[in-house]
Amino acid sequence: MGMGKRLLACMALLLLLPLHAYAVPAPADVELSDVANDEGNAVAISWDWDGSPTEADQFSVELRVNDQLLKHFELSQQEMQTLTDARNWLSGEVGTLLDQRSSAKAEMDQAQSDLDQSIIDKLPGSEVAGLRRTYWQKYRVFRRLDKQIAALQAKFAARTYKGEDLRLKALTWEFLNEAMRNGGEWISAAAMAPMASVGTKGARTDLFGVNAARRNDAGRLYFTVDSISVPNPGTAASDDSSTGLEQFASIPINLVPDIEYQLRMSTYGAAESNPMDPAAGGGPQLAEQISLGTVTPRGNAFDKSKTNNLVFALLFSMIILAFIILARRNPNMFIRRIAGLEAVDEAIGRATEMGKPVMYLTGLQSLSELSTLAAINILGRVAGKIADYESDLIVPNRDPVVQTVAQEVVKEGYATAGRPDAYREDNIFFLTDDQFSFTAATCGIMMRDKPAAIFLMGYYYAESLLLAETGAATGAIQIAGTDAEHQLPFFIVTCDYTLIGEELYAASAYLSREPMLLGSLKGQDIAKALMMAIILLQAILFIFNGEWKFFKDMVTPL
């Protein structure tokens, strides 16, 4: 081969260098389906790669805009008029301010440049100080104008939303409609991602349950799509010079159930730089676009991957119901002795003998928290006993809603005990919602009234030690109960008795011996013991290399 032919062959080889990156694996045996999710808005793609993807190979999924989707986002005439009126109002209000802000920005930048140059040139300190004052004056003018424009934009949003996100809805519809008009009807449903990041059916226990790895198609790749990218009015990329509105970045909007979507997949490879044309190489290069077909997301009545959850729920329910029936037949059913609850009568009796009140705290959280609900339940039982002993009860509160409920619970406790006349509403009062102000006020009450018994039930934070130390200094019997594990050490060392964790929840059943509560408590304990036995057996099988994975499949959390 002559020198000229060899040179031409080398040049052709160099020109073809980038093309090897285009030969990325393509999806084979593609299947589209809906996904078992509560919203019914997800679709799935499963496939096998025709070849082995490299680290540089990527893919993306796009969705074709159709008339059904446009109708979903279409605004009514009244909604469009609301949006138009608001935009016209904003345009008229903000036009002059935008020009002023632009000029102020230019003057501020120039002042900044002059100041920087004076520092570089080492000008006298008085001149630098004067330029610095000038810069801050320009800066304050610019910030004032900027705040005025932001305030107008907030008013625009208030005029537009009218109880729903009309602005986002309008922008979404305009975005999709424009895509159709301009022929760019394919929009992003899944951004570019490495092919290696796609999970297999065997790895997706969230969709196929704990036995997913045993499926015949466990090795097939599986990818879900549940949204498309549309403009987000909350993110500013730049300013619209006519209205002061931002040009918006994109956010995901969920797919619509029962609408047919057409999907396609694009594969990309990383092309190497071409020595003959460096500007043409590098970065991801589109290798192939594959039409995947159409699919309709639909809701699923039952998610089969959660079957084990259903089995355990039914089993535990049956156990609890059985123990409730047993508790009705035998109210004296055995429950492990809890020293702190055994001491309730002792603490209240001591307060009665000394002629001092009993203080009860329900914690610092709201009524929506389990620990507060448990503390309120115990308060009702304690209030009944205090009414029997004819003692006084003081209940300071940090939350006004908790205060109202506590008043009703204590009133009912006194009525149940046959002493409604002894109930004093003023003894259950609100102090403040500030954490340490409440703590200081409660500690002050402890020091003044010297209660003989103090109950610290519910959830506590850093104030736990302050309250318990003050109570101990008054010489009171203190019974604490909390599920805040970080505060338990403080209660244990400063209180006479401490309910740890779930003992707080068991207290109402322990004190009342109510069959419904008692049976639920015993049933839950048996269910927990059963679960622990299954986990222990699975651990033993694992240690001895057991192949029986039935228990593991049952208890693996989904």
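One structure accompanies this document, and this report is about it. This is a predicted model, so every value here is computed, not measured.

## Quick word on the pairing of strand S16 (residues 497-500)
Then, number 1: Here strand S15 (residues 477-482) runs beside S16; their pairing, made up of four bridges, is parallel. In the strand pairing of S16, threonine 482 is matched with isoleucine 500.
Then, number 2: Between the parallel pair S15 and S16, the chain is carried across by helix H14 (residues 488-494), and the sense of this crossover is right-handed.

## Let's talk about the side chain of threonine 482
Then, number 1: With respect to the helices and strands, threonine 482 occurs in strand S15.
Then, number 2: Its relative accessible area of 0% is what places threonine 482 among the buried residues.
Then, number 3: From its side chain, threonine 482 meets the backbone oxygen of glycine 458 in a polar contact 2.8 Å long.
Then, number 4: From its side chain, threonine 482 meets the backbone nitrogen of alanine 484 in a polar contact 3.0 Å long.
Then, number 5: Setting aside residues up to four positions removed in sequence, threonine 482 forms contacts with Gly458, Tyr459, Tyr460, Leu488, Phe491, Leu499, Ile500, Gly501 and Leu504.

## Some words on the layout of surface pockets
Then, number 1: A volume near 590 Å³ is recorded for the largest pocket.
Then, number 2: It is helix H16 (residues 515-543) that provides the largest number of residues to the lining of the largest pocket, a total of ten residues.
Then, number 3: Counted by class, the lining of the largest pocket contains 14 nonpolar, four polar and six charged residues.
Then, number 4: Among the domains, domain 3 (306-331 + 519-555) and domain 4 (342-512) are the pair contributing at least three residues each to the lining of the largest pocket.
Then, number 5: By volume, the second largest pocket amounts to about 370 Å³.

## Some thoughts on the nonpolar core
Then, number 1: Ranked by size, the top nonpolar core spans 47 residues in total, and within it Tyr360, Leu393, Phe455 and Met457 carry the most contacts.
Then, number 2: Counting residues per element, this core draws most heavily on helix H10 (residues 370-389), which supplies nine residues.
Then, number 3: Both domain 3 (306-331 + 519-555) and domain 4 (342-512) contribute no fewer than three residues apiece to this core.
Then, number 4: For methionine 457, the contacting residues outside a window of four places in its chain are Tyr360, Leu361, Thr362, Gly363, Ala375, Ile378, Ile479, Ala480, Gly481, Leu499 and Leu504.
Then, number 5: The next biggest cluster of nonpolar side chains, apart from the first, holds 36 residues, and it includes Phe59, Leu168, Leu176 and Tyr261.

## Overview of the packing of H10 against helix H11 (residues 400-416)
The relative placement of two packed helices is expressed as an angle between their axes plus a distance between the axes.
Then, number 1: Relative to each other, H10 and H11 sit at 35°, their axes nearing to 8 Å. Between H10 and H11 the crossing geometry is right-handed. When H10 is examined against H11, the residues Thr372, Ile376, Leu379, Gly380, Ala383, Gly384, Ile386 and Ala387 are found in contact with a partner set consisting of Val402, Val405, Ala406, Val409, Val410, Gly413 and Tyr414.
Then, number 2: In terms of residue class, the contact of H10 with H11 is made up of eleven nonpolar, four polar and no charged.

## What about the sheet that holds S16?
Sheet strands pair via backbone hydrogen bonds, and the direction of the pair is either parallel or antiparallel.
Then, number 1: Taken together, the six strands give an open sheet; going across it, the order is S13-S12-S11-S14-S15-S16, and neighbouring strands pair in parallel fashion. Here the strands that pair on one side only, and so sit at the sheet edges, are strand S13 (428-430) and S16. Across this sheet, the average inter-strand angle for adjacent strands is 15°, counted without regard to direction.
Then, number 2: Judged from the five bridges that link them, strand S14 (residues 453-457) and S15 form a sheet pairing that is parallel. Looking across to S15, one finds that leucine 456 is bridged to alanine 480.
Then, number 3: In this fold helix H13 (residues 464-473) packs onto strand S11 (358-361), S14 and S15, with an angle of close to 160° to the strand it touches most, S15.

## Some words on the side chain of glutamate 62
Then, number 1: Topologically, glutamate 62 is positioned in strand S3 (residues 58-64).
Then, number 2: There is a polar contact of 2.7 Å between the side chain of glutamate 62 and the side chain of arginine 264.
Then, number 3: Of the polar contacts made by the side chain of glutamate 62, one reaches the side chain of serine 266; its length is 3.5 Å.
Then, number 4: Excluding its chain neighbours within four sequence positions, the residues that come into contact with glutamate 62 are Trp186, Ile187, Ser188, Ala189, Gln262, Leu263, Arg264, Ser266 and Gln289.

## As for the pairing of S3
For a regular strand, side chains alternate in direction, first toward one face of the sheet and then toward the other.
Then, number 1: Summarising burial for S3: six of the seven residues are buried, a large majority.
Then, number 2: Relative to strand S9 (residues 261-270), S3 is paired through seven bridges, and the arrangement is antiparallel. Bridge assignment links arginine 64 to a residue of S9, and that residue is glutamine 262.

## Side note on the pattern of salt bridges
Then, number 1: This model, assessed by the stated rule, comprises 14 salt bridges.
Then, number 2: Notably, a salt bridge pairs aspartate 258 with arginine 298, separated by 3.0 Å at the nearest N-O pair. Within this pair, whereas aspartate 258 is found in the loop between strand S8 (246-254) and S9, its partner arginine 298 is found in the loop between strand S10 (284-295) and helix H7 (307-329), the two being separated by 40 residues in sequence.
Then, number 3: Given the relative accessible area of 48%, aspartate 258 is considered partly exposed.
Then, number 4: Overall, arginine 298 belongs to the partly exposed group, its relative accessible area being 42%.

## Topic: the sheet that holds strand S1 (residues 27-34)
Then, number 1: Read from one edge to the other, the open sheet built from four strands follows the order S1-S2-S6-S5, with strand pairing classed as antiparallel. Looking at strand neighbours, the two that pair on one side only are S1 and strand S5 (199-200), the edges of this open sheet.
Then, number 2: As judged from the six bridges shared by S1 and strand S2 (residues 43-49), these two strands associate in the antiparallel manner. Each bridged residue has a counterpart across the sheet, and for proline 27 the counterpart in S2 is tryptophan 49.

## Notes on the packing of H7 against H16
Then, number 1: Axis separation between H7 and H16 bottoms out at 7 Å; the angle between their running directions is 140°. Classified by the interaxial angle, the pair formed by H7 and H16 is oblique. For the element pair H7 and H16, the recorded crossing hand is right-handed.
Then, number 2: Taken together, the residues of the contact of H7 with H16 break down into 16 nonpolar, four polar and two charged.

## Details of unusual backbone geometry
Then, number 1: Here the phi dihedral of aspartate 29 falls at roughly 55°; this positive angle occurs in a residue that is not glycine.
Then, number 2: Along the chain, the position of aspartate 29 falls in strand S1.
Then, number 3: Even without being glycine, lysine 450 reaches a positive phi, approximately 50°.
Then, number 4: By the element assignment, lysine 450 lies in the loop between helix H12 (435-449) and S14.
Then, number 5: Classification of lysine 450 as partly exposed rests on a relative accessible area of 31%.

How each quantity is defined
Residues numbered from 1 in each chain as written. Predicted model: local features only at pLDDT ≥ 70, side-chain atom pairs only at ≥ 80, totals over all residues. Heavy atoms only, no water. Pairing = 2+ DSSP bridges. Helix = DSSP H or I, 4+ residues; strand = E, 2+ residues; numbered from the N terminus. Right-handed = clockwise from strand over helix to strand, strands pointing away. Buried < 20%, exposed > 50% of the residue type's maximum accessible area, 1.4 Å probe, protein only. Polar contact = N/O pair within 3.5 Å; in protein donor to acceptor, adjacent residues only side chain to side chain. Contact = heavy atoms within 4.5 Å. 1 Å grid on protein atoms, 1.4 Å probe; cavity = no way out; pocket = protein on both sides within 12 Å on 5 of 7 lines; lining within 4 Å. Points joined across faces, edges and corners; volume = space filled by probe spheres on them. Nonpolar A, V, L, I, M, F, W, Y, C, P; charged D, E, K, R; others polar. Domains from an automatic or database assignment. Core = buried A, V, L, I, M, F, W, Y, C linked by side-chain atoms within 4.5 Å. Axes fitted to C-alpha atoms, helices over the stretch in contact; angles between N-to-C directions. Left-handed = near helix turned anticlockwise from the far one by under 90°. Salt bridge = Lys/Arg side-chain N within 4 Å of Asp/Glu carboxyl O. Parallel < 35°, antiparallel > 145°, perpendicular 65-115°, else oblique.

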